[in-house]
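# Overview (structure and organization)
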Amino acid sequence: MSSPTSAPPVPATPTVRSALRSPRVLRTEVLAGLVVALALIPEAISFSIIAGVDPRVGLFASFTMAVSIAFLGGRPAMISAATGAVALVIAPVMRDHGYDYLIATVLLGGLIQVVLALAGFGRLMRFIPRSVMVGFVNALAILIVLTQLRHLVDVPWPVYPMTLFAIAVIAGLPRVTTVVPAPLVAIVALTAFTVVAAIAVPDVGDEGELPDSLPSFFVPDVPFDLDTLGTIAPYALAMALVGLLESLLTAKLVDDITDTRSDKTREAWGQGASNLVTGFFGGMGGCAMIGQTMINVRVSGARTRISTFLAGVFLLVLVVGFGDVVAVIPMAALVAVMVMVSVATFDWHSVLPSTLRRMPKSETAVMLATVAVTVATHNLAIGVVTGVLVAMTLFARRVAHVTETHRELVEDPDGVPTAVYRVTGELFFASSNDLYTQFEYADDPPRVVIDLSGAHVWDASTVASLDAIETKYARRGTSVEIVGLDGASAERHGRLTGRLGPH
């Protein structure tokens, strides 16, 4: 029996309440939040530069997004903050119209996300195939490495051995102990070394000026009229779609890693609400951060909302209260963290020769298309949409080839020669367009029966093809009877036949 003072057992998937009762789990959550906060700082500054705003705008956005989503989001332990995807979308607004219009865009984008969430946008995740998810993960890993290259080019030579040392610590320390996250040990060790040895290497302070005050409530000074709406609406819609897609994909990835399920609808409207909060505090908006989420979940082992909340709190405390200390953290340490995140994120099994030999070529093509477009555009949303479109096209092509038509010459009970065509398979735009050419119009007898008992009519294209077949036979004086339709097919055919225009 356990003693009265022993900690209660921790469930396989910790909750906030169980984590607060377990010192071991709570320590993991706290240290994970600290590591994520340290990694967020240079990222947020970089994204601020992309958007054309002051670094504090990105840093404050990361704080408000992380703290808000910790309460509002549907996926525990996922990190949301200022991101490059959102920065790229809203940068033209800042360049052409200024800061107030940018904040107005963020607020409208958040509102659109809430509306889309309530309309069921989160349920669209079921239509993303596994091959697209694999391509998404692999492209993410490649992008993480590519974004770190600028910190390894034209830098003092000590940066290279320092980076290798940090990678060795992150890779090797967990084999010895997991009491303290290896990334935190690497960051502290390299920072102490550079300060004591007085080595001049690029540090966080070189990325941009850190704020020295807290964020305050802000309302954009823009005209509330249709002209303003017309200016910001396209960018707000793009921001909403990109943010939701990236966030929901990240949530699905964390679901797979943790073997748990998340509320995608709550996550979607939580992202919108967090962007509204962020906008009213002068932040540049954001969405889920895949790299930092991997640090939190996969590298540090966090599982609850505590780590997400503390990542935002630690970020604000570090940049406002300990800005001078944070500024001397060498970028080599943070680069090493992100490189190891990339290694852990990449699905190495998907590129093994044995896997590629077994995998259908269409699945491999979808994965490669997703990776190629994502890496080329540096936009995960565009890559995923491309992958889904390629997957849909290849699936339609594959299903279309399953449809078959068999002809048989018989006599009906009255002795009338009859050609019976038995059609099997799924009839939709890709397969029904070829259906028209499967009949021997010139050689068939005066009566034709089309038996669809082994088929299903899915769309208007199929009904139009059947109408065209009947019309062509009618010109030859041949009667056509369509039999064997199931309930849904008969309803669709009866509703549309003869009403689709000329053939």
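Here, the structure is the one placed above.
What comes next is a walk through the structure. (Residues numbered from 1 in each chain as written. Predicted model: local features only at pLDDT ≥ 70, side-chain atom pairs only at ≥ 80, totals over all residues. Heavy atoms only, no water.)

## With respect to the overall build of the protein
- Within the protein, the regular secondary structure consists of 20 helices and six strands.
- Dimensions of the protein, computed from the C-alpha atoms along their principal axes, are close to 105 × 60 × 55 Å.
- The buried share of the protein, taken over its 503 residues, is 52%.
- Put simply, 82% of the contacts in the protein that link residues at least 6 apart link residues at least 24 apart.
- Element-wise, carbon and sulfur atoms account for 64% of the exposed surface of the protein, whose accessible area totals about 22,900 Å².
- Taken as two groups, the 33 positive and 40 negative side-chain charges of the protein have centres that lie 8 Å from each other. (Helix = DSSP H or I, 4+ residues; strand = E, 2+ residues; numbered from the N terminus. Buried < 20%, exposed > 50% of the residue type's maximum accessible area, 1.4 Å probe, protein only. Contact = heavy atoms within 4.5 Å. Areas by Shrake-Rupley, 256 points an atom, 1.4 Å probe, with all protein chains shown as cover. Lys, Arg positive; Asp, Glu negative; His and termini not counted. Charge placed at Lys NZ, Arg CZ, Asp CG, Glu CD.)

## Section: the packing of aromatic side chains
- In this structure the tally under the stated criterion is 11 aromatic pairs.
- Both rings, one in tyrosine 436 and one in tyrosine 441, keep their centres 5.7 Å apart while their planes meet at 45°; by these two values the pair is tilted.
- The exposure class assigned to tyrosine 436 is partly exposed, which follows from its relative accessible area of 27%.
- Ring geometry for tyrosine 441 and tyrosine 473: centres 4.8 Å apart, planes at 50°, overall tilted. Pair noted here: tyrosine 441 is in the loop between helix H18 (429-435) and strand E5 (447-457) and tyrosine 473 is in helix H19 (residues 460-475), with a separation of 32 residues, a long-range link. Side by side, tyrosine 441 and tyrosine 473 carry an identical accessibility label, which is buried.
- The rings of Tyr421, Tyr436, Phe439, Tyr441 and Tyr473 are connected pair by pair, giving a single aromatic cluster. (Phe/Tyr/Trp six-rings, centres within 6.5 Å; stacked < 30°, edge-to-face > 60°.)

## Considerations on the side chain of aspartate 459
- In this structure, aspartate 459 sits in the loop between E5 and H19.
- Buried within the structure, aspartate 459 lacks any salt-bridge partner; its nearest side chain of opposite charge belongs to arginine 492, at an N-O separation of 7.2 Å.
- Excluding anything up to four places from it in sequence, aspartate 459 contacts Leu427, Phe428, Phe429 and Arg492. (Salt bridge = Lys/Arg side-chain N within 4 Å of Asp/Glu carboxyl O.)

## Here we look at the nonpolar core
- Core analysis: the biggest nonpolar cluster contains 96 residues, and Ile41, Ile128 and Met284 have the highest contact counts within it.
- Considering every element that reaches this core, the biggest residue donor is helix H2 (residues 23-51), with 12 residues.
- Once residues lying within four places of it in the same chain are set aside, the contact partners of isoleucine 128 are Met133, Leu245, Leu249, Val384 and Val388.
- One finds Leu435, Val457, Leu466 and Ile482 within the second-largest nonpolar core, a separate group that totals 18 residues. (Core = buried A, V, L, I, M, F, W, Y, C linked by side-chain atoms within 4.5 Å.)

## Here we look at the layout of surface pockets
- Estimated volume of the largest pocket: approximately 680 Å³.
- Taken together, 31 residues make up the lining of the largest pocket; nearest its centre are Glu43, Phe47, Gly84, Leu143 and Thr147.
- Elements with a contribution of two residues or more to the lining of the largest pocket: H2, helix H4 (84-97), helix H6 (130-148), helix H11 (290-299) and helix H14 (331-345).
- Counting residues per element, the lining of the largest pocket draws most heavily on H2, which supplies seven residues.
- Of the residues assigned to the lining of the largest pocket, the class counts are 17 nonpolar, 10 polar and four charged.
- What the second largest pocket holds in volume is close to 390 Å³.
- Around the second largest pocket, the lining comprises 16 residues; the ones closest to its centre are Val388, Ala391, Met392, Phe395 and Ala396.
- At the level of elements, H6, helix H16 (361-377) and helix H17 (380-400) are the ones that each hand at least two residues to the lining of the second largest pocket.
- Residue classes in the lining of the second largest pocket are distributed as 11 nonpolar, two polar and three charged. (1 Å grid on protein atoms, 1.4 Å probe; cavity = no way out; pocket = protein on both sides within 12 Å on 5 of 7 lines; lining within 4 Å. Points joined across faces, edges and corners; volume = space filled by probe spheres on them. Nonpolar A, V, L, I, M, F, W, Y, C, P; charged D, E, K, R; others polar.)

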